[in-house]
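The primary structure of each chain is shown beneath.
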Amino acid sequence: MQYPSHGANYQTLYERFQIPMPEKVYDLSENVNAFGFPAAIKEKWHQLLRHIVTYPHPEAEPLRTLLAQKHHVKRENLLIGNGAAELLTFFAGRFTNQKVIIVHPTFSEYKTTLEAQKAKLVELAVETITAYQLPIEQIKKQMKDAACLYLCNPNNPTGSLIPKKTIEELLIFGKALGCEILVDEAFMDWTDETQSAIPLIERYPNLTVLRSMTKMYGIAGIRLGYFIGRKELVEELNDKLPHWHVNALAIEVGKWCLEDEAFRHESIAKHAEIKARLEHYLLEKQCIITNSATNFLCFQLKEPEKTQDFYFYCLRKGVVLRHTENFYGMDGKWLRIGIKKAEAMEKFQQIMDEWYGQ
């Protein structure tokens, strides 16, 4: 049975499994802001028309400068891309026939892009899903002849945070060995940012941080992400990217998002309240849950061997969860759920109540 490698695009999911799609579907498989995008995008949308007929700025200005100011880094240390996926693809292109370490469970796109470039993968795993503590000694042992270590912080799919001091310990170790570290912080803006590795950029030339704007700001269809790293790496990657690879609409929308910091704080608070209620409910159902700092979490049923049955039961009832069949170390025995508005959460709970009442 071929499961999709990502969440979202649930219509394809129903077609693949030949399940009749209910009239109303709640997609809890993707992790985009449940409350949509900042109001300014709708209010100013007509202003984008004038940008359609002109070529975008080749260096994505003024967004590049605004992001540099936001993160207190130099402009030359920042590179904007057509979504984080584009940047991951070009970053992986630097490691053909070189050893790269990834730590599972983690975002599937690392392995996909690295294998496409014929990198030599070393795949490690955390000991327990709920604790999500990196196997530091195993990582250090493998770093001795590795080109790069990929870390996801907060982790996707668990939502767990890696302490900044742990990342710095690995940076120090890797710097002496010539091993780079990529820290994917696609969901870091759902936190208070204290564990972000961005402040370490100036001290560690072997550090690159990846960020996404699509999750927090509800603009997955726009595609917008960026790297922060050493100037030489930014220049190297920029030379390989197509000209005008960030479109003019994305640049403008990104600028509007940055101007609405209140939206980010309100989104965090709203999602945290809904997530707390969901966690309480799942624990009442004797599920195991991950310690998530983001707008999603993973849970395991009391009887994990029934996970697949429950997943398809939810699908038939109109609730789409994210399977973990392609997350090494989770082996399909966990499910990821995105935090959505109250109606969607209530529907999920209704279906789970029905499931346990069979």
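Note that the structure is predicted; figures quoted are calculated from it, not measured. (Residues numbered from 1 in each chain as written. Predicted model: local features only at pLDDT ≥ 70, side-chain atom pairs only at ≥ 80, totals over all residues. Heavy atoms only, no water.)

Let's talk about the overall build of the protein chain
Move 1: Looking only at helices and strands, one finds 13 helices and 12 strands in the protein chain.
Move 2: Here the C-alpha atoms of the protein chain give a radius of gyration of 20 Å, agreeing with the 21 Å that 2.2 N^0.38 yields for 358 residues.
Move 3: Projecting the C-alpha coordinates of the protein chain onto the three principal axes gives extents of approximately 60 × 55 × 35 Å.
Move 4: In the protein chain, which comprises 358 residues, the share counted as buried stands at 56%.
Move 5: Long-range contacts, defined here as pairs at least 24 residues apart, represent 72% of the contacts in the protein chain between residues at least 6 apart.
Move 6: A total of about 16000 Å² of accessible surface is found on the protein chain, and carbon and sulfur atoms cover 50% of it.
Move 7: Computed over 43 positive and 45 negative side-chain charges, the separation of the two mean positions in the protein chain equals 2 Å. (Helix = DSSP H or I, 4+ residues; strand = E, 2+ residues; numbered from the N terminus. Rg over C-alpha atoms; globule rule 2.2 N^0.38 Å. Buried < 20%, exposed > 50% of the residue type's maximum accessible area, 1.4 Å probe, protein only. Contact = heavy atoms within 4.5 Å. Areas by Shrake-Rupley, 256 points an atom, 1.4 Å probe, with all protein chains shown as cover. Lys, Arg positive; Asp, Glu negative; His and termini not counted. Charge placed at Lys NZ, Arg CZ, Asp CG, Glu CD.)

Things to note about the sheet that holds strand S10 (residues 296–300)
Move 1: Strand order in this open sheet of 3 strands is S9-S10-S12, and the pairing throughout is antiparallel. Taken across any chain shown, the strands that pair with only one partner, and hence form the sheet edges, are strand S9 (288–289) and strand S12 (335–338).
Move 2: This element, helix H11 (residues 261–284), spans S9, S10 and S12 of the sheet and lies at about 0 degrees to S10. (Pairing = 2+ DSSP bridges. Axes fitted to C-alpha atoms, helices over the stretch in contact; angles between N-to-C directions.)

Observations concerning the packing of helix H12 (residues 307–317) against helix H13 (residues 342–356)
Move 1: Closest axis-to-axis distance for the H12/H13 pair is 10 Å, and the angle between their directions is 125 degrees. Taken together, the axis directions place H12 and H13 in an arrangement best described as oblique. The two elements H12 and H13 meet at a crossing, and its hand is right-handed. Counted together, Asp309, Phe310, Tyr313, Cys314 and Lys317 of H12 and Lys347, Phe348, Ile351, Met352, Glu354 and Trp355 of H13 form the full contact between these two elements.
Move 2: Here the residues of the contact of H12 with H13 are counted per class, giving 7 nonpolar, no polar and 4 charged. (Parallel < 35°, antiparallel > 145°, perpendicular 65-115°, else oblique. Left-handed = near helix turned anticlockwise from the far one by under 90°. Nonpolar A, V, L, I, M, F, W, Y, C, P; charged D, E, K, R; others polar.)

Description of the layout of surface pockets
Move 1: In this structure, the second largest pocket spans a volume of roughly 280 Å³.
Move 2: In terms of lining, the second largest pocket is formed by 13 residues, of which the most central are Asp27, Glu30, Ala34, Lys340 and Ala344.
Move 3: Going through the elements one at a time, strand S1 (26–27) and H13 are the ones with two or more residues in the lining of the second largest pocket.
Move 4: Tallied by class, residues from the lining of the second largest pocket come to 6 nonpolar, 1 polar and 6 charged. (1 Å grid on protein atoms, 1.4 Å probe; cavity = no way out; pocket = protein on both sides within 12 Å on 5 of 7 lines; lining within 4 Å. Points joined across faces, edges and corners; volume = space filled by probe spheres on them.)

Re the packing of H11 against H13
Move 1: At a minimum axis separation of 11 Å, H11 and H13 run at an interaxial angle of 5 degrees. For the element pair H11 / H13, the angle class is roughly parallel. Taken together, the residues of H13 that come into contact with H11 (itself represented by Ile274, Leu278, Tyr281 and Leu282) are Met345, Phe348, Gln349, Met352 and Asp353.
Move 2: A breakdown of the residues in the contact of H11 with H13 according to their chemical character gives 7 nonpolar, 1 polar and 1 charged.

Things to note about the sheet that holds strand S6 (residues 180–184)
Move 1: Here we have 7 strands laid out as an open sheet, ordered S2-S8-S7-S6-S5-S3-S4, and mixed in their pairing. Of all the strands in the sheet, the pair left with one neighbour each is strand S2 (78–81) and strand S4 (120–125). In this sheet, neighbouring strand axes are inclined to one another by 20 degrees on average, regardless of whether the strands run parallel or antiparallel.
Move 2: The pairing of strand S5 (residues 148–152) with S6 spans 5 bridges and is parallel. Note on S6: the bridge partner recorded for Cys152 is Asp184.
Move 3: Against the sheet, helix H4 (residues 63–71) contacts S2, strand S7 (207–212) and strand S8 (225–228), and its axis sits at roughly 125 degrees relative to S2.

With respect to the packing of aromatic side chains
Move 1: On inspection of all chains with the given rule, the structure shows 14 aromatic pairs.
Move 2: Aromatic pair Phe310 and Phe348: ring centres 6.4 Å apart, planes at 75 degrees, arrangement edge-to-face. Residue Phe310 is located in helix H12, and its partner Phe348 is located in helix H13; the two are separated by 38 residues in the primary sequence. Taken individually, Phe310 and Phe348 each receive the classification buried, so the pair is uniform in this respect.
Move 3: Taking the centre distance of 5.2 Å and the plane angle of 80 degrees together, the rings of Tyr311 and Phe312 count as edge-to-face. Comparing Tyr311 with Phe312 shows no difference in burial state: the two are buried.
Move 4: Taken together, the ring pairs in this structure connect Phe91, Phe95, Phe107, Tyr110, Tyr150 and Phe227 into an aromatic cluster.
Move 5: The positively charged end of Lys24 is found above the aromatic ring belonging to Tyr26, 5.1 Å away from the centroid.
Move 6: Here Lys270 stacks its cationic end above the ring of Phe35, 4.8 Å away from the centre of that ring. (Phe/Tyr/Trp six-rings, centres within 6.5 Å; stacked < 30°, edge-to-face > 60°. Lys NZ or Arg CZ within 6 Å of the ring centre and 35° of its normal.)

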